[in-house]
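Per-entry structural report
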Amino acid sequence: MQLRSILQWHPRPRERVQRLLVLGTLLLLLGTTGRCATDAAASVSSTTTTAANVPAALTPEVAQRELAALRAEVARHDALYHQKAAPEISDFAYDQLKRRLRALEAAWPKLARATPAVSEVGDDRTGLFQTYRHRAPMLSLDKTYAEADLRAFQTRLAKQLGAAALAFVVEPKFDGLAVSVTYERGQLVRAVTRGNGVEGDDITANVLALCRLPRRLRATCDDGTPNPLPERIELRGELFVTFAEFQRLNAEREAAGETPFAHPRNLAAGAIRQRELPREATRALSVAFYGIGACEPASALPLSQQALHAQMRAWGLPGVAQVWTARGADELWAAVQALARARPGFAFPTDGAVIKLDSFAQQREVGESDHAPRWAIAYKFAPERAETLVRGITVQVGRTGMLTPVAELAPVTLGGSTVARATLHNRAELARLDIRPGDFVSVEKAGEIIPAIVGVNRAHRPADSAPYVFPAVCPACRTPVVARAGEAAVRCPNADCPAQLRRRLEHFASKACLALEGFGPATVDALVTSGRVKTLPDLYRLQRNDLTAAGLGGEKTAERLLATIAASRRAELWRFIHGLGVPQVGATSAKALARQHGSLAALAAEWAEKPELAPHRAVIAELLAAGVEPTPPSAANANLAGKTVVLTGTLPSLTRAQATAKIEAAGGKVSGSVSRKTDFVVAGAEPGAKLAQARALGVPVIDEDELLQLLAGE
Ligand code: IVH
């Protein structure tokens, strides 16, 4: 891109923002000769942004338009990140946008005051929950990507406090969702999101259902000494999903034909905001506490960050398992590097290190700005990024007919693995990014996991390049594609589409469903291409000559494949239900449906009222006609089978997790909220509002003893 064209006003806001970013990066490069672009970009921090970064060539009129455009863009990304839990750009790109905005504001303070501001903290209130006003505001953190800024941070504080080398604690920066949890006299009473920093969503019920979190603080230490409990304490921490849980839940989503989450943070934020909690997500979230909002009486406050960590451990709370301590700037930088080296071994996602003055007295002395404490700073790790060529764009057809464009890339090494493909999500997203074959794109590993294209280098775009034209027909069966109103996705509506059939068969044969050994993609492809299998039930009608004619080896292979199929006729019922590939029905839901209905015929009868499930009912009918006899789950308890139960309060002997497991094993379902559909509420000590709701709706309420009797079949 020519400098002149970058400086020109462009009618599309996205183009304008793009140009500003290019311009900002160019200026950064000019000021940091001899460095690569990523290093140069990383060497400027939000805390050191100055008017010097803004070109004098911008007239006030242009600056004002850019300021407004940037603010709107930042606000849009804030909403995508905080309210929708579906960010479109990486944190790094977002931080660059914000930095650019701050530079413009610094250069034109009058204009900045005259244009509506963007909140520093963002706003994650959804309107779905009651809101609660924090006793102390939930602030944000200043952040940097540069060592020099960390040193400057220590120098500034040392000067202010008149000390030579200050003591710091360095903690992982958890990449999740901030939460404030209040304990009153040791009892958990409330969990609230950050919201706008002043008030947030009351997500107590969801946190209790989704997290392993103690409801009571331990009043006695391990050695038997008393462990004083404050009257009321508002603890600050982060809700997050570990990599292991992320992989488990995403595998379930994919198996259920749903789009997997791009990052554990989106999963955590998405799950916690739901009114109806997905069962799969039960106990999927973890929490780590790292700070205090308010404490009454103040005399109960520990004296330092290290003492706070020890106190939280003594209360039995999940805290920050590994912290580093440092005195002075050199040790501080060494500690941050030590954390960066340990990072690949963390079970949870992190995006940096948080550096805090250890002494609470010193923290109080330096205080805070309107949006962040002055005693802490976040050092963020710049994501690993690489530029590579888009060799082509292919369009894949999923088993529900969804068309997914994929960028085929010249392979690059990123975060230790080779990346050769990246999803472009859907037609709308591809059009938004305007990625074309022949483009050079920046690829980042989102959350160190899934490669994502985060930008296009238009300067290297070939002169003859034209926008990619998304196919109007299915690439597999040539049926015109359709888009449902309000949906970004485009699908092939042909239920007999061979590409969809292949994906459906692969799913049915996969380990997560019927586990048909030998029926991998190559076998499936041969069966579909030869026309021997046109539907799922056709698998159960295969004869030896079908397999040999499809080119699947000799008699022996055919016998082996037929034996596998024959053995699967009596597979567990849930495997068949999962294998049907009904949208939203993963393995966990399939197991619940199997317990609830006990047979394919009963399930089909239940689905009779739902026209959208008609094709699946037809498959069930054919499977039964082809002689499958699924094994029903072991006898469900008639007292609980198909019942919806809500738990509230602390039960005398069972933990919530144990009660849930027992109810589910007996065929029941545990729900997080009381409605007319609830069969009964199990209430323990200090029940929440659910008890009152149950009474108001006339839902029967029982105690733990009665639950145990029902579980025993009495
Ligand atoms: S301390 C007054 N410590 O990062 C601010 N925050 O981007 C207290 N975060 O708002 C925050 N890990 O949601 C702190 N070890 C840690 C953290 C941490 C993650 C989050 C937190 C914060 C955000 C700023």
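Shown above is the structure to which this text applies.
Being a predicted model, the structure only gives us computed values, none of them experimental.

**Quick look at the overall build of the protein chain**
On a plain count of helices and strands, the protein chain comes out with 25 helices and 22 strands. Counting over 714 residues, the protein chain shows a buried share of 49%. Partitioning the intrachain contacts of the protein chain with sequence separation of at least 6 by distance along the chain shows that 69% fall at a separation of at least 24.

**Quick notes on the state of the cysteines**
Counted under the stated rule, the structure contains 0 disulfides. Take C477: it sits in no disulfide, and the sulfur closest to it among the cysteines is that of C492, at 3.6 Å.

**Notes on the site of the ligand**
Near the ligand you find 14 residues, and of these E171, R194, E238, Y290 and K356 are the closest. Measuring from a nitrogen atom of the ligand, one finds a backbone N or O atom of F174 at 2.9 Å. Side-chain polar atom of K356 to a nitrogen atom of the ligand: 2.9 Å apart, as the coordinates give it. Of all the elements in the fold, those that place two or more residues in the shell around the ligand are β3 (167–174) and β10 (350–357). Considering every element that reaches the shell around the ligand, the biggest residue donor is β3, with 4 residues.

**Concerning the nonpolar core**
Core analysis: the biggest nonpolar cluster contains 45 residues, and L527, L539, Y540, F576 and I577 have the highest contact counts within it. Ignoring any residue separated from it by four or fewer positions in sequence, one finds L527 in contact with F519, R532, V533, L539, L542, L547, A550 and L552.

**Some points on the packing of helix α7 (residues 147–161) against helix α12 (residues 328–342)**
Contact pair α7 / α12: the axes reach a minimum separation of 9 Å and the direction vectors enclose 140°. In terms of orientation, α7 lies oblique with respect to α12. Pair α7 / α12 crosses with right-handed handedness. Across the interface between the two elements, E147, L150, R151 and Q154 of α7 pack against G328, A329, D330, L332, W333 and V336 of α12.

**Regarding the sheet that holds strand β5 (residues 187–193)**
Judged by pairing direction, the sheet is antiparallel, and its 4 strands sit side by side in the order β5-β4-β7-β8 without closing on themselves. The open sheet terminates on both sides in strands that have one partner only, identified here as β5 and β8 (286–296). Each strand of the sheet is rotated relative to its neighbour by a mean of 25°, with strand direction disregarded. Pairing geometry for strand β7 (residues 232–240) and β8, over 9 bridges, is antiparallel. Within the sheet, the bridge partner assigned to G237 lies in β8 and is F289.

**A look at the environment of A382**
Relative to the helices and strands, A382 resides in the loop between β11 (376–380) and β12 (385–397). In this structure A382 comes out as partly exposed when scored by relative accessible area, which is 35%. Taking the C-alpha atoms as reference, A382 lies 8.3 Å from D351; in sequence the two are 31 residues apart. Those residues in contact with A382, other than ones at most four positions away along the chain, are F92 and Y145.

**What to know about the pattern of salt bridges**
Using the criterion set out here, one finds 33 salt bridges in the structure. Between R236 and E234 there is a salt bridge, and its shortest N-O distance comes to 2.4 Å. The same class applies to R236 as to E234, namely buried. Of the charged contacts, one joins R421 and E408 as a salt bridge, the two residues approaching to 2.8 Å between their closest N and O atoms. You can see R421 sitting in strand β14 (residues 417–423) and its partner E408 sitting in strand β13 (residues 403–414), a full 13 residues away along the chain.

**Points about the side chain of K356**
Checked against the element boundaries, K356 lands in strand β10. Setting aside anything within four residues of it in sequence, one finds K356 in contact with A167, F168, V169, E171, Y290, Q305, W375 and A376.

**Focus on the environment of Q584**
Inspection of the secondary structure assignment puts Q584 in the loop between α19 (573–579) and α20 (587–597). The spatial distance from the C-alpha of Q584 to the C-alpha of E254 is 9.6 Å, given a sequence separation of 330 residues. Apart from residues lying up to four places away in sequence, Q584 is in contact with A256, E258 and S589.

**Section: the packing of aromatic side chains**
As enumerated under the stated definition, the model contains 11 aromatic pairs in all. Seen from their ring centres, W333 and Y379 are 5.4 Å apart, and the 75° between their planes marks the pair as edge-to-face. Taken together, the residues W333 in helix α12 and Y379 in strand β11 connect sequence positions 46 residues apart. The same class applies to W333 and to Y379, which are both buried. Site record: aromatic cluster; members linked through ring pairs are F174, F240, F346 and F348.

**Brief notes about the pairing of β5**
Most of β5 sits inside the fold, with 6 of its 7 residues counted as buried. Two elements, strand β4 (residues 177–184) and β5, share 6 bridges in a ladder whose sense is antiparallel. Residue pairing across strands places S180 opposite V192, the latter belonging to β5. Between β4 and β5, which pair antiparallel in sequence order, lie 2 residues; one of them, R185, sits at a positive phi of approximately 45°.

**Looking at unusual backbone geometry**
In this structure, P297 follows E296 across a cis peptide bond, with omega equal to 0°. Relative to the helices and strands, P297 resides in the loop between β8 and α11 (305–314). In this structure, R185 is a non-glycine residue whose phi angle is positive, near 45°. Residue placement: R185 occurs in the loop between β4 and β5. Residue R185 is classed as exposed on the basis of its relative accessible area of 51%. Residue A515 is not a glycine yet carries a positive backbone phi of 50°. With respect to the helices and strands, the residue A515 is situated in the loop between α15 (498–509) and α16 (521–529).

**What to know about the sheet that holds strand β20 (residues 669–671)**
With parallel pairing, 4 strands are arranged side by side in an open sheet as β20-β19-β21-β22. The outermost strands of the open sheet, each flanked by one partner alone, are β20 and β22 (701–702). Where strand β19 (residues 644–648) lies against strand β21 (residues 680–683), 4 bridges are found, and the strand directions are parallel. Across the sheet, residue V646 finds its bridge partner in β21, namely V681. Packed on one face of the sheet, helix α23 (residues 656–665) meets β19 and β20 and runs near 170° to β19. Docked against the sheet, helix α24 (residues 689–697) engages β19, β21 and β22, running at close to 135° with respect to β19.

**A look at the side chain of T204**
Following the sequence through the fold, T204 ends up in helix α8 (residues 204–210). We classify T204 as buried; its relative accessible area is 14%. A distance of 3.1 Å separates the side chain of T204 from the backbone nitrogen of A191, its partner in a polar contact. Residue contacts for T204: discarding those within four places in its chain leaves L188, V189, R190 and A191.

**Things to note about α15**
Because each turn of an α-helix spans 3.6 residues, side chains separated by three or four positions end up pointing in the same direction. Over its 12 residues, α15 runs 16 Å from end to end, which matches the ideal 16 Å to within 8%, given 1.5 Å per residue. Every buried residue of α15 is accounted for by A499, Q500, L501, R502, L505, H507, F508 and A509. If you follow the buried residues of α15, they end up packed against α9 (243–255), β12, α16 and α19.

So, how was this worked out
- Residues numbered from 1 in each chain as written.
- Predicted model: local features only at pLDDT ≥ 70, side-chain atom pairs only at ≥ 80, totals over all residues.
- Heavy atoms only, no water.
- Helix = DSSP H or I, 4+ residues; strand = E, 2+ residues; numbered from the N terminus.
- Buried < 20%, exposed > 50% of the residue type's maximum accessible area, 1.4 Å probe, protein only.
- Contact = heavy atoms within 4.5 Å.
- Disulfide = S-S within 2.5 Å.
- Near = heavy atom within 4 Å.
- Polar contact = N/O pair within 3.5 Å; in protein donor to acceptor, adjacent residues only side chain to side chain.
- Core = buried A, V, L, I, M, F, W, Y, C linked by side-chain atoms within 4.5 Å.
- Axes fitted to C-alpha atoms, helices over the stretch in contact; angles between N-to-C directions.
- Parallel < 35°, antiparallel > 145°, perpendicular 65-115°, else oblique.
- Left-handed = near helix turned anticlockwise from the far one by under 90°.
- Pairing = 2+ DSSP bridges.
- Salt bridge = Lys/Arg side-chain N within 4 Å of Asp/Glu carboxyl O.
- Phe/Tyr/Trp six-rings, centres within 6.5 Å; stacked < 30°, edge-to-face > 60°.
- Expected span 1.5 Å × (residues − 1).

Take it as geometry only, folks, not as evidence of what the structure does.
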